[in-house]
Protein chains: 2
Amino acid sequence: MLKSVTIGIDIGGTKTALGLIDELGNCLSDDTFPTCAQEDFNRFIANLSERIEKLVVRFSHACRLAGIGVAAPNANYFHGTIETPSNFKWGRVEIVKQLQKHFHVPVAITNDAKAAALGEMIYGEAKGMRDFMVVTLGTGLGSGIVVNGELLYGHDGHAGELGHTIIEPRGRQCGCGREGCLEMYVSSRGLCRTVFEFLSSRRDDSKFRQMSFSELTAKKVYEAAIAGDSLALDAFEYTGKILGCALANAAAYFSPQAIIIFGGLANAGDLLLSPTQKNFEANLLNVYRGKIKIVLSRTPSTPKGSAAVLGASVFIQKEFGKNRRQEI
Amino acid sequence: MLKSVTIGIDIGGTKTALGLIDELGNCLSDDTFPTCAQEDFNRFIANLSERIEKLVVRFSHACRLAGIGVAAPNANYFHGTIETPSNFKWGRVEIVKQLQKHFHVPVAITNDAKAAALGEMIYGEAKGMRDFMVVTLGTGLGSGIVVNGELLYGHDGHAGELGHTIIEPRGRQCGCGREGCLEMYVSSRGLCRTVFEFLSSRRDDSKFRQMSFSELTAKKVYEAAIAGDSLALDAFEYTGKILGCALANAAAYFSPQAIIIFGGLANAGDLLLSPTQKNFEANLLNVYRGKIKIVLSRTPSTPKGSAAVLGASVFIQKEFGKNRRQEI
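The structure reproduced in this document is the subject of the present report. (Residues numbered from 1 in each chain as written. Chains lettered and ligands numbered in written order. Predicted model: local features only at pLDDT ≥ 70, side-chain atom pairs only at ≥ 80, totals over all residues. Heavy atoms only, no water.)

Description of the sheet that holds strand S1 (residues 3-11) of chain A
All names here are of chain A.
Alright, step 1. Spatially, S3-S2-S1-S4-S8 is the arrangement adopted by the 5 strands of the open sheet, whose pairing is mixed. With one partner strand each, in any of the chains shown, strand S3 (27-34) and strand S8 (107-111) form the two edges of the open sheet. Taken over all neighbouring pairs, the strand axes of this sheet differ in orientation by 20° on average, direction set aside.
Alright, step 2. Judged from the 5 bridges that link them, strand S4 (residues 63-72) and S8 form a sheet pairing that is parallel. (Pairing = 2+ DSSP bridges. Helix = DSSP H or I, 4+ residues; strand = E, 2+ residues; numbered from the N terminus. Axes fitted to C-alpha atoms, helices over the stretch in contact; angles between N-to-C directions.)

Here it is in structure tokens:
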């Protein structure tokens, strides 16, 4: 009998990753290519379809493709669309319909942070949990929230915009047109902004005094912190402080069992995690204290380095389950 | 055949209300009595049991008691307990166990705000909705959040502590031991504190300049506002501003279809609702604008004036449904 497999796809601002995943979560083969988000979407979908086909054909002697799960920024689960994410020139694209037409299997799309949460629930830090949050720290800040064992979508699919809660009235300008959003403080861009705020308000020396705003990256701040640059170290401390306070408020809404940190900035490890945990605990309401762990993600990556691919695969498998329940 | 009825109980800081409710939500009879939260719990439970019995006996020719639902502050759904609410001298009490022993029917307890949310879902403003929030404004601020048609409890029953999200770091001291909690600004106590903050920072005349902190009540602020006292009017405006901003952040977590305002302070009507709606809309992320309504509760009250009694009755009926599903 042919083995049932799914394709998980993780569309990022710069790179798209896909993998052929079996029902036990083994990645049989995977692939990555540049997203080219500034170019035509039709070119992207042709490229993606070709690469999916290659993976599937290679294993067609032993496997049957059961479905395709897609994780992308600004994904609309209910409409099957990607809706004009910032840094993408695609506008609103009906990616689910296009992949369905091509492959004649069930296709569904969800937000990248939501897919990460599902990956974490099945293979990562949230195994066996029914109430937890995943916070993804990359260029921006996303969140995937699981309540009663199910992803939280809200009435229109837009729940979980933790990055756009306002934590500082009249604070830093955000791309969303408002001011003081959490992701302007806690994200790789936020970290760089903090460095520049410190350069303006403090007197101590730092290698960043010789660097322009455009040159600065979170990676450079990380390397400077590791090398002992006090301004870089404090920037991480400040980022963790803001994140810890924000998560203490999130805990009062959800009372989760764990909060899992995922994505590029999470690679800073204890530099970010320690101040986050400390400020989280200090700002928690009594009933939650000592009960909620904040940990770094442990979802295994595909060989080519994407963890969200596994989440996207879990996502489409869960969708099968939902459809089966509806049929009964 | 005997009609199946439930008892709904709403335990408040000053008054306890109970009602005998049929399956269509009709209140066949109801009762209220002073809670006497400063006295012995055993006295309370004896009094409550006697009054339940009277209601049930009166209708025993036509009705069969199917269960008892209790709504109370600091209720723990999982343990069946009330856990040391402020202003109560009871400590931690096993109310569910005691009522079960007495009446030999299913008994369950939930937070008052959560019961209000269920009442709203079946009989009030949230009819047919699966994602909405109820915010109860009384002495404090509570919330009942419904996600995918189910109450949000979190992993330990403590979800929905919206009143204890910190909205002003180093802000007003809260009874929870921290500073800047939302309920210190938006609640009847919060409103009074705002009046005193304004008395200290402003120069305009007000009838409250002749009143002590202990004398001031939300009702007096309301009456002064209606009479045109500018300080009282601004206190409502400020309360609505803080609430609107806080709810805009809550919307980014949950993307609810509606937010319903319930409880004593909600009786101030447009005085509170207008500034809340205005500041909510102004602080919302783009994708939510114009989509989420903020309205006052419309759950019908029992003849003696409690709406939460109906919610408590819905709650125990939903518990039956859960048990039935588990049996299948």
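Quick word on the sheet that holds strand S7 (residues 92-93) of chain B
Strand pairing in a sheet relies on backbone hydrogen bonds, with the paired strands running either antiparallel or parallel.
Residues and elements named next belong to chain B.
Alright, step 1. As summarised here, the arrangement of the 3 strands in space is S5-S6-S7, forming an open sheet in which the pairing is antiparallel. The open sheet has two edge strands with one neighbour each: strand S5 (75-76) and S7.
Alright, step 2. In terms of strand pairing, strand S6 (residues 81-83) meets S7 through 2 bridges, oriented antiparallel. Looking at the pairing, Glu83 lines up with Arg92 of S7.

Re the pattern of salt bridges
All names here are of chain B.
Alright, step 1. Scanning the model with the defined rule gives 29 salt bridges over all chains in all.
Alright, step 2. When the shortest N-O distance is used, the salt bridge between Lys293 and Glu125 registers 3.5 Å. Placement of the pair is Lys293 in strand S13 (residues 293-296) and Glu125 in the loop between helix H3 (112-123) and strand S9 (132-137), with a sequence separation of 168 residues.
Alright, step 3. A relative accessible area of 38% means that Lys293 is categorised as partly exposed. (Salt bridge = Lys/Arg side-chain N within 4 Å of Asp/Glu carboxyl O. Buried < 20%, exposed > 50% of the residue type's maximum accessible area, 1.4 Å probe, protein only.)

A look at unusual backbone geometry
All names here are of chain B.
Alright, step 1. Of note in the backbone geometry, Cys36 takes a positive phi value of approximately 50° without being a glycine.
Alright, step 2. By relative accessible area, Cys36 is classed as partly exposed at 34%.
Alright, step 3. Even without being a glycine, Ser255 presents a positive backbone phi close to 45°.
Alright, step 4. For Ser255, the position within the fold is in the loop between helix H6 (230-254) and strand S12 (258-262).

Considering the interface of chain A and chain B
Alright, step 1. With 37 residues of chain A at the contact, the number on the chain B side is 37 residues.
Alright, step 2. Together, the buried faces of chain A and chain B total about 3100 Å²; carbon and sulfur atoms form 57% of this surface.
Alright, step 3. Per-residue buried area on chain A facing chain B is highest for His155, Tyr253 and Leu285 of chain A; these three make up 24% of the total on that side.
Alright, step 4. At the boundary of chain A with chain B, the tally comes to 2 salt bridges.
Alright, step 5. Across the pair Asp156 of chain A and Lys291 of chain B runs a salt bridge, and its minimum N-O distance is 3.1 Å.
Alright, step 6. Viewed at the interface, chain B and chain A are joined by 20 residue pairs in polar contact (both at pLDDT 80 or more).
Alright, step 7. Those elements that place two or more of their residues in the side of chain A that touches chain B are strand S10 (141-147), strand S11 (150-151) and helix H6 (230-254) of chain A.
Alright, step 8. Broken down by element, the side of chain A that touches chain B gets its largest block of residues, 6 residues, from H6 of chain A.
Alright, step 9. Broken down by class, the residue content of the side of chain A that touches chain B amounts to 19 nonpolar, 11 polar and 7 charged. (Contact = heavy atoms within 4.5 Å. Buried area = accessible area lost by both parts, 1.4 Å probe. Polar contact = N/O pair within 3.5 Å; in protein donor to acceptor, adjacent residues only side chain to side chain. Nonpolar A, V, L, I, M, F, W, Y, C, P; charged D, E, K, R; others polar.)

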